[in-house]
Amino acid sequence: MGITELWKLVSPSTEGQTLMAFALEGLKGHVQDESGLSMMTVGVDASAWLYAVCKLQAFRLGHAQSGENPELRTLMYKLITLANAPIHAHFVFDGEDRPTIKRGKHVQSAPHWLTRSLQELLQIFGFTWATAKGEAEADLAFLSKAGKIGAVLTEDSDALLFGAEKVLCLTDNKDGTFLVDAYCAGALSNDLNIPLTTSHLLLWAMLRGGDYNPGGLSGCGSQVSHALLAGDLSDSLMRVMTSVAPAQLPGMLETWRDRLRTVLVDGTLGRKYPTLAGSIPADFPSVEIMRLYLHPVTTWSDSASSSSLPQFNPTQPNITCFAAFCQDRLGWMWPKIHKYLRNNFWPAACMRALCQLWTDDGVILPKPTFNVEKRKDPEGGVPVYCITLFAPSFVNATNDGIRADNDPNPEEGESWVPSHSKVSIPARIMELTSPQDVINYRDQHAASAGPSSGEPLPDWHPRLSAQYAAVADMLWPEVGDISNAVGDPESSGGMKVCTDEEGHEVIDLTVLD
């Protein structure tokens with residue numbers, strides 16, 4: 001979808017990685033900070049997900065043997081993969097004002113038949129969603145430029161031309177992990193060979209075609225189009241479209257077409273293309289199509305106020321509603337529901353509980369109880385801590401979502417359901433949310449000697465408590481950074497910090513004058 005061969009054009013500036021690795025780079029703060037730990041918000045093109053699910057070969061052959069609601073089940077699997085990364089996902093659906101014709105075909109105005117089901121799942125997972133006025137990728141690009149989202153996850157390359165600062169293109173879903181190619185507008189514009197700015201992308205779209213102009217300029221292949229980007233045709237076309245009065249536009253475009261014909265026949269490109277130059281139509285490039293790319297309809301097209309932009313507040317996934325969904329919509333029995341949630345959903349729920357996200361009822365759940373077993377550092381992968389999670393609250397929440405009449409002896413069956421599980425949590429999440437547990441693990445297993453006294457503490461090291469900092473500010477207001485003076489009474493004005501029996505830092509006031 002999108003502009004023909006645009007992904008291939010920008011591939012030299014691509015950074016391939018897992019969604020998990022990308023998300024960890026966007027983590028901000030510390031769980032002990034006043035504002036807590038902040039996850040990156042990634043905007044997702046919901047319409048692309050819906051149509052991709054329905055095109056899977058598994059549903060073309062043997063669909064009747066795929067089980068109840070296979071499309072919903074596939075959406076659920078993808079959302080679990082998304083939830084296992086430390087991000088907040090904001091899905092955007094296409095709106096009523098999207099173009100009526102794409103790729104030469106009429107676009108149906110009615111919502112996709114899976115739309116409401118996906119929206120129900122998004123609410124269960126603690127994700128947010130909205131319906132655009134026009135195309136979803138246009139709204140997502142606008143939010144990206146406004147700094148409201150960290151990246152756009154889509155397979156539609158139009159998002160790059162619409163102005164998205166960072167675009168993630170899903171390339172594979174391997175072992176429950178999304179593999180993505182990350183395209184950054186800054187990296188594209190700084191390319192040493194051909195800087196790919198918005199003007200270059202616009203010219204490429206006109207030459208090679210896209211959703212709005214399938215086919216592009218007839219007879220102009222990718223090799224010629226790539227060569228044309230090296231000149232000033234792209235910048236001059238952009239100047240015509242952005243700075244020329246409407247009455248002067250036809251004349252200026254005619255001048256631009258003459259320049260294009262000259263470049264094609266004077267040998268500037270390494271060879272001459274007289275046939276192509278002679279076949280350029282008088283209405284190329286289409287002003288209407290270029291305006292669709294440069295000024296797409298968005299939810300904020302009629303409003304210049306930034307106050308109307310959404311504020312994203314990630315919430316905890318709702319285990320009770322998820323269990324009810326698996327039973328009611330997928331037809332699963334309670335043993336399968338418990339097993340599936342324990343093996344696949346618990347890691348995401350645990351990670352988000354560690355990050356102290358709010359529930360949809362406005363409550364922060366207590367941190368789950370766990371024991372750190374070991375650390376894994378896979379080559380080329382994300383380091384993780386393997387923990388044993390003790391979560392009877394997860395089991396109880398699952399039971400609350402399962403109807404009692406689904407099992408003839410529900411109490412008897414529930415008694416054996418295990419309340420613990422082995423899960424893997426990214427090391428960075430563990431360090432920022434449970435630093436003392438990480439330190440205790442390292443001390444017990446001698447995995448690391450820890451920071452030496454002469455080195456600054458790592459950014460995930462336990463912070464000073466709010467009460468401690470308040471007392472320190474009153475007693476020693478001249479000290480700029482108390483954390484650097486911990487354990488040094490002389491440099492801290494006689495302050496001495498020690499640890500009580502429960503492992504908490506306290507101030508020993510007996511040493512003060």
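Figured I'd write up the structure that's included with this text. Remember, predicted model here, so these are calculated numbers, not experimental data.

Parameters and conventions
- Residues numbered from 1 in each chain as written.
- Predicted model: local features only at pLDDT ≥ 70, side-chain atom pairs only at ≥ 80, totals over all residues.
- Heavy atoms only, no water.
- Helix = DSSP H or I, 4+ residues; strand = E, 2+ residues; numbered from the N terminus.
- Buried < 20%, exposed > 50% of the residue type's maximum accessible area, 1.4 Å probe, protein only.
- Contact = heavy atoms within 4.5 Å.
- Phe/Tyr/Trp six-rings, centres within 6.5 Å; stacked < 30°, edge-to-face > 60°.
- Lys NZ or Arg CZ within 6 Å of the ring centre and 35° of its normal.
- Pairing = 2+ DSSP bridges.
- Axes fitted to C-alpha atoms, helices over the stretch in contact; angles between N-to-C directions.

## Considerations on unusual backbone geometry
- Between Phe284 and Pro285 the backbone carries a cis peptide bond, its omega angle lying at -10°.
- Its identity is not glycine, yet Glu5 carries a phi of approximately 60°, on the positive side.
- Residue placement: Glu5 occurs in the segment before helix 1 (6-10).

## Description of helix 5 (residues 115-125)
- Of all the 11 residues making up helix 5, 8 are buried; the element is thus mostly covered by neighbouring parts of the structure.
- Considered for burial, the residues of helix 5 that qualify are Thr115, Ser117, Leu118, Gln119, Leu121, Leu122, Ile124 and Phe125.
- Here the buried face of helix 5 lies against helix 3 (46-54), helix 4 (70-83), strand 5 (87-93), strand 8 (128-131), helix 15 (319-328) and helix 16 (334-354).
- Directly after helix 5, the chain includes Gly126, whose backbone phi takes a positive value near 85°.

## Quick notes on the packing of aromatic side chains
- Applying the stated rule across the entire model yields 16 aromatic pairs.
- Judged by centre distance (4.8 Å) and plane angle (35°), the rings of Trp7 and Tyr183 are tilted. A residue pair is termed long-range when its members are at least 10 positions apart, and Trp7 in helix 1 and Tyr183 in strand 11 (residues 177-184) qualify at 176 residues. With respect to class, Trp7 is no different from Tyr183; both count as buried.
- Consider the rings of Phe93 and Trp129, whose centres lie 6.0 Å apart with planes at 90°: the pair is edge-to-face. A residue pair is termed long-range when its members are at least 10 positions apart, and Phe93 in strand 5 and Trp129 in strand 8 qualify at 36 residues.
- On the basis of relative accessible area, Phe93 is assigned to the buried category, the value being 4%.
- Residue Trp129 is classed as partly exposed on the basis of its relative accessible area, which comes to 38%.
- Taken together, Phe125, Phe127, Phe322 and Phe345 form an aromatic cluster joined through their ring pairs.
- One cation-aromatic arrangement involves Lys78 over Trp49; the distance from NZ or CZ to the ring centre is 4.3 Å.

## Thoughts on the environment of Pro347
- Here Pro347 is to be found in helix 16.
- The class of Pro347 is buried, set by a relative accessible area of 15%.
- Residues Pro347 and Ile425, spaced 78 residues apart in sequence, show a C-alpha to C-alpha distance of 7.1 Å.

## Concerning the sheet that holds strand 13 (residues 384-390)
- What the 3 strands build is an open sheet, ordered 12-13-14; its pairing is antiparallel. Whereas interior strands pair on both sides, the edge strands pair on one side only; in this sheet they are strand 12 (369-376) and strand 14 (420-426). Taking the axes of each pair of neighbouring strands and ignoring which way they run, one obtains an average angle of 25° across the sheet.

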